[in-house]
Amino acid sequence: MPSPSKSAKDAKPAAAQVRAYIAALPPASRKAMRNMREAIRAAAPGAADYFSYRIPAFKLDGRTLVWYAAFTHHTSLYPMTTAIRRAHAAALEGYQTSKGTVRFPLARPLPLALVKRLVKARVAEVRGKREA
């Protein structure tokens, strides 16, 4: 059986990987990502840091809750399901969205209340509840 490239004991804990990812970002992206991370934590206090696909994420009840990432001109939050996008369509106007992503431009303040609403809706999906 082939051995993985890194053993489990050599891998950094997820929280350390997330902190390293954020610390390596340019100042504007770093600030937005810290704010997004805090908003996600506030909306899903039981969620745990997770690092997957080379970007930060949170897991809840053993399932991926959301990923979030920084890019040159925006930050992204995903997965945003079709149901969440439809339920929050009015609030998402003015933001670029795609099948599973919402993009928040760095040139504008991060809409923390919207991020929290989206995450709470995702928590309800993960836990199999209808959105409140």
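Residues numbered from 1 in each chain as written. Predicted model: local features only at pLDDT ≥ 70, side-chain atom pairs only at ≥ 80, totals over all residues. Heavy atoms only, no water.

With 15 residues, helix H5 (residues 112-126) should cover 21 Å at 1.5 Å per step; its first-to-last C-alpha distance of 21 Å lies within 8% of that length. The set of residues buried in H5 consists of Leu114, Val115, Leu118, Val119, Ala121, Arg122, Val123, Ala124 and Val126. Looking one or two places after H5, you find Gly128, whose phi comes out positive at around 75°. (Helix = DSSP H or I, 4+ residues; strand = E, 2+ residues; numbered from the N terminus. Expected span 1.5 Å × (residues − 1). Buried < 20%, exposed > 50% of the residue type's maximum accessible area, 1.4 Å probe, protein only.)

With that settled, the discussion passes to the packing of aromatic side chains. Evaluation of the coordinates by the stated rule reveals 4 aromatic pairs. Seen from their ring centres, Tyr95 and Phe104 are 5.2 Å apart, and the 70° between their planes marks the pair as edge-to-face. A relative accessible area of 1% places Phe104 in the buried class. (Phe/Tyr/Trp six-rings, centres within 6.5 Å; stacked < 30°, edge-to-face > 60°.)

Mean pLDDT over the protein: 89, with 89% of residues reaching 70 or higher. Note that residues 1-10 has pLDDT below 50 and, in this model, 0 contacts with residues that lie over four places away or in other chains. (pLDDT = per-residue confidence, 0-100. Contact = heavy atoms within 4.5 Å.)

On inspection of all chains with the given rule, the structure shows 4 salt bridges. Arg37 is paired through a salt bridge with Asp49; the nearest N and O atoms lie 2.7 Å apart. Residue Arg37 is located in helix H2 (residues 27-43), and its partner Asp49 is located in strand E1 (residues 48-52); the two are separated by 12 residues in the primary sequence. Comparing Arg37 with Asp49, the two get one shared label, buried. (Salt bridge = Lys/Arg side-chain N within 4 Å of Asp/Glu carboxyl O.)

Two elements in contact, helix H1 (residues 14-23) and H2, have axes whose closest approach is 9 Å; the angle formed by their N-to-C orientations is 145°. Across from Ala15, Val18, Arg19, Tyr21, Ile22 and Ala23 in H1, the residues of H2 making contact are Arg30, Met33, Arg34 and Arg37. Partitioned by chemical class, the residues of the contact of H1 with H2 number 6 nonpolar, no polar and 4 charged. (Axes fitted to C-alpha atoms, helices over the stretch in contact; angles between N-to-C directions. Nonpolar A, V, L, I, M, F, W, Y, C, P; charged D, E, K, R; others polar.)

This part takes up the nonpolar core. Ranked by internal contacts, the top residues of the largest apolar core, which has 37 residues, are Ile40, Leu65, Leu77, Phe104, Val115, Leu118 and Val119. For this core, the secondary-structure elements that each account for two or more residues are H1, H2, strand E2 (55-60), strand E3 (63-70), strand E4 (74-78), strand E6 (102-105) and H5. No other element matches the 7 residues that H5 contributes to this core. Sequence-distant contacts of Leu118, that is, excluding residues within four places in its chain, are made with Leu77, Met80, Ile84, His88, Leu92, Val102 and Phe104. (Core = buried A, V, L, I, M, F, W, Y, C linked by side-chain atoms within 4.5 Å.)

To continue, consider unusual backbone geometry. For the bond running from Tyr78 to Pro79, omega is 10°, close enough to zero to count as cis. Note that Pro79 resides in the loop between E4 and helix H3 (82-87). Non-glycine residue Tyr53 carries a positive phi angle of around 55°. Residue position: Tyr53 is located in the loop between E1 and E2. A relative accessible area of 69% places Tyr53 in the exposed class. Backbone geometry places Asp61, a non-glycine residue, at a positive phi of 55°. Tracing the sequence through the fold places Asp61 in the loop between E2 and E3. Classification of Asp61 as exposed rests on a relative accessible area of 53%.

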